[in-house]
Amino acid sequence: MDLGLQLSFFKYQGTGNDFIIIDNRLEIFPKNNTKLVAFLCNRKFGIGADGLILLESDTMSDFKMVYYNADGHQSTMCGNGGRCIVAFARKLGIINDSTQFSAVDGLHSAHIANGLVTLYMNEVDEIRSKPKYHFLNTGSPHHVQLMEELDGMDVKLEGAKLRYGLYGQEGSNINFVQKVDNDTFKVRTYERGVEDETLSCGTGVTAVAIAMHHYGNTSAEQIHIETIGGPLTVSFQKKGDTYTNVTLTGPAEFVFKGEIAC
Ligand SMILES: N[C@@H](CCC[C@H](N)C(=O)O)C(=O)O
């Protein structure tokens, strides 16, 4: 691309869900340039990532998170990206070990302890169900489907069928789940906007944990999730029909920084 821009960026990953993060407090980033974001996220021609995140100033909280999928479009909440931007904000010295920041779905609290980032997610009080799957929104829309076995599944193929077949233009992320024991589940996710399987999806595993509890597949309120990119923990409390104090905990790691002319 030849926009005459010299961009400094940081690459982060949370259980293999990887992001380009840009400090946009000086508002240098052309936010409506879909082609630029898609180029930066492209793994062959650009830097490569599942999504791009801008850290911006906010009057209500420590900072604001603006999230784009790899297709270049701004999207809904990203749980792993939320954990990564918290680690980035600490690296920049904007926060210490705890914070409150604003995202597309509202304010989120988070803290860092023992090398892991815990992010508070929105409450969930609506889960729609069909015989073979559940649908809920944990900041992003998620289809949750229990399977006998995930190994050997073509998640890109099966996920795309459901994402386009069931959810129309708006689409949904698609999570396939295998129960390991009462409080452990394996999850593989097809992500809308990446249009492929990613190694992990934070809002996705949150949706899985809540759906598995709601439909009696677990009695635990702290659920261990095995993603291809590593382990995540989701905890919550059920009060009446509402899942509250929902947290997502896991690693969020700096990978490298760089500059790109575009
Ligand atoms: N990777 C994310 C989810 C990002 C948003 C998603 N692709 C969508 O558009 O709904 C996560 O960790 O939650």
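Predicted model, so just to flag it, every value in this text is computed and none were measured.

## Considering the overall build of the protein
Scanning the protein for helices and strands turns up four helices and 17 strands. For the protein, the C-alpha radius of gyration of 18 Å lies close to 18 Å, the compact-globule estimate for 262 residues. Projecting the C-alpha coordinates of the protein onto the three principal axes gives extents of approximately 55 × 40 × 25 Å. For the protein, the proportion of its 262 residues judged to be buried stands at 55%. In the protein, the proportion of contacts linking residues at least 24 apart, taken out of those at least 6 apart, comes to 61%. For the protein, the exposed surface amounts to about 11700 Å²; the carbon and sulfur share of it is 47%.

## Observations regarding helix 3 (residues 155-167)
Compared with an ideal rise of 1.5 Å per residue, which puts 13 residues at 18 Å, helix 3 spans 17 Å between its outermost C-alpha atoms and is within 8% of the ideal. Those residues of helix 3 not exposed but buried are Val155, Gly159, Leu162, Arg163 and Tyr167. Across the axial projection of helix 3, the buried residues extend over an arc of 100 degrees, all falling on one side. Helix 3 presents Lys161, Tyr164 and Gly165 as exposed residues on the side facing more than 90 degrees away from its buried surface. Buried residues along helix 3 sit against strand 9 (133-137), strand 10 (141-146), strand 11 (173-181), strand 12 (184-191) and strand 13 (196-198).

## Description of the environment of Thr203
Its location among the elements puts Thr203 in helix 4 (residues 202-214). Note on Thr203: relative accessible area 2%, which makes it buried. Apart from the residues within four sequence positions on either side, Thr203 is in contact with Met77, Cys78, Gly79, Met121, Thr138, Ser140 and His142.

## A look at the packing of aromatic side chains
The geometry of an aromatic ring pair is captured by the separation of the ring centres together with the interplanar angle, meaning the angle of the planes. Using the criterion set out here, one finds ten aromatic pairs in the structure. Residues Phe63 and Phe101 carry aromatic rings whose centres are separated by 5.0 Å and whose planes lie at 5 degrees to one another, so their mutual orientation is stacked. Within this pair, whereas Phe63 is found in the loop between strand 3 (51-56) and strand 4 (64-69), its partner Phe101 is found in strand 5 (residues 98-103), the two being separated by 38 residues in sequence. In textbook terms, an aromatic cluster arises when at least three aromatic residues are bridged by ring pairs, as seen for Phe10, Tyr12, Phe88 and Phe254. If you follow Lys91 out to its NZ or CZ, it ends over the ring of Phe254, 4.0 Å from the centre. Geometry around Tyr164 places Arg163 over its ring, the cationic atom sitting 4.3 Å from the centre.

## Brief notes about a negative patch on the surface
Taken together, Glu123, Asp125, Glu126 and Asp241 make up a surface patch of like negative charges. Relative to the helices and strands, Glu126 resides in the loop between strand 7 (116-120) and strand 8 (127-130).

## Some remarks on the site of the ligand
Near the ligand there are 17 residues, and of these Ser75, Gly79, Asn173, Gly202 and Thr203 occur at the shortest range. Between an oxygen atom of the ligand and a main-chain N or O atom of Asn80, the distance comes to 3.0 Å. Here a nitrogen atom of the ligand and a side-chain polar atom of Glu191 are 2.9 Å apart. Relative to its unbound accessible area of 360 Å², the ligand is 100% covered by the protein chains. Where the shell around the ligand is concerned, the elements lending two or more residues are strand 4, helix 2 (79-92) and helix 4. Residues of the shell around the ligand, tallied by class, amount to five nonpolar, ten polar and two charged. Both domain 1 (6-109 + 252-261) and domain 2 (127-251) contribute no fewer than three residues apiece to the shell around the ligand.

## Things to note about the pairing of strand 14 (residues 222-227)
Side chains of strand 14 alternate between two faces, with Ile223, Ile225 and Thr227 buried and Gln222, His224 and Glu226 left unburied. As judged from the three bridges shared by strand 12 and strand 14, these two strands associate in the parallel manner. Considered in strand 14, the bridge of Thr184 is made with His224. In this sheet, strand 15 (residues 230-239) lies alongside strand 14 in antiparallel orientation, the contact comprising six bridges. Across the sheet, Gln222 pairs through a bridge with Ser235, a residue of strand 15. Adjacent in sequence and paired antiparallel, strand 14 and strand 15 are bridged by two residues.

## Some words on the domain arrangement of the protein
Taken domain by domain, the protein holds domain 1 (6-109 + 252-261) and domain 2 (127-251). For domain 1 and domain 2, the distance between their C-alpha centres works out to 23 Å. Between domain 1 and domain 2, a total of about 1400 Å² is buried, with carbon and sulfur atoms accounting for 46% of that surface. Of all residues in domain 1, Thr15, Thr76 and Arg83 give up the largest surface area on contact with domain 2, accounting jointly for 37% of the area buried on that side. Counting the contacts that link domain 1 with domain 2 gives zero salt bridges. The tally of links between domain 1 and domain 2 comes to 13 residue pairs in polar contact (both at pLDDT 80 or more). Among the elements of the structure, strand 1 (6-14), strand 4 and helix 2 are those that each provide at least two residues to the side of domain 1 that touches domain 2. Looking at which element gives the most residues to the side of domain 1 that touches domain 2, the answer is helix 2, with three residues.

Rules and cut-offs
- Residues numbered from 1 in each chain as written.
- Predicted model: local features only at pLDDT ≥ 70, side-chain atom pairs only at ≥ 80, totals over all residues.
- Heavy atoms only, no water.
- Helix = DSSP H or I, 4+ residues; strand = E, 2+ residues; numbered from the N terminus.
- Rg over C-alpha atoms; globule rule 2.2 N^0.38 Å.
- Buried < 20%, exposed > 50% of the residue type's maximum accessible area, 1.4 Å probe, protein only.
- Contact = heavy atoms within 4.5 Å.
- Areas by Shrake-Rupley, 256 points an atom, 1.4 Å probe, with all protein chains shown as cover.
- Expected span 1.5 Å × (residues − 1).
- Arc of directions from axis to C-beta.
- Phe/Tyr/Trp six-rings, centres within 6.5 Å; stacked < 30°, edge-to-face > 60°.
- Lys NZ or Arg CZ within 6 Å of the ring centre and 35° of its normal.
- Patch = residues over 30% accessible without salt bridge, like charges linked within 9 Å, V, L, I, M, F, W, Y side chains within 5 Å.
- Salt bridge = Lys/Arg side-chain N within 4 Å of Asp/Glu carboxyl O.
- Lys, Arg positive; Asp, Glu negative; His and termini not counted.
- Charge placed at Lys NZ, Arg CZ, Asp CG, Glu CD.
- Near = heavy atom within 4 Å.
- Polar contact = N/O pair within 3.5 Å; in protein donor to acceptor, adjacent residues only side chain to side chain.
- Nonpolar A, V, L, I, M, F, W, Y, C, P; charged D, E, K, R; others polar.
- Domains from an automatic or database assignment.
- Pairing = 2+ DSSP bridges.
- Buried area = accessible area lost by both parts, 1.4 Å probe.

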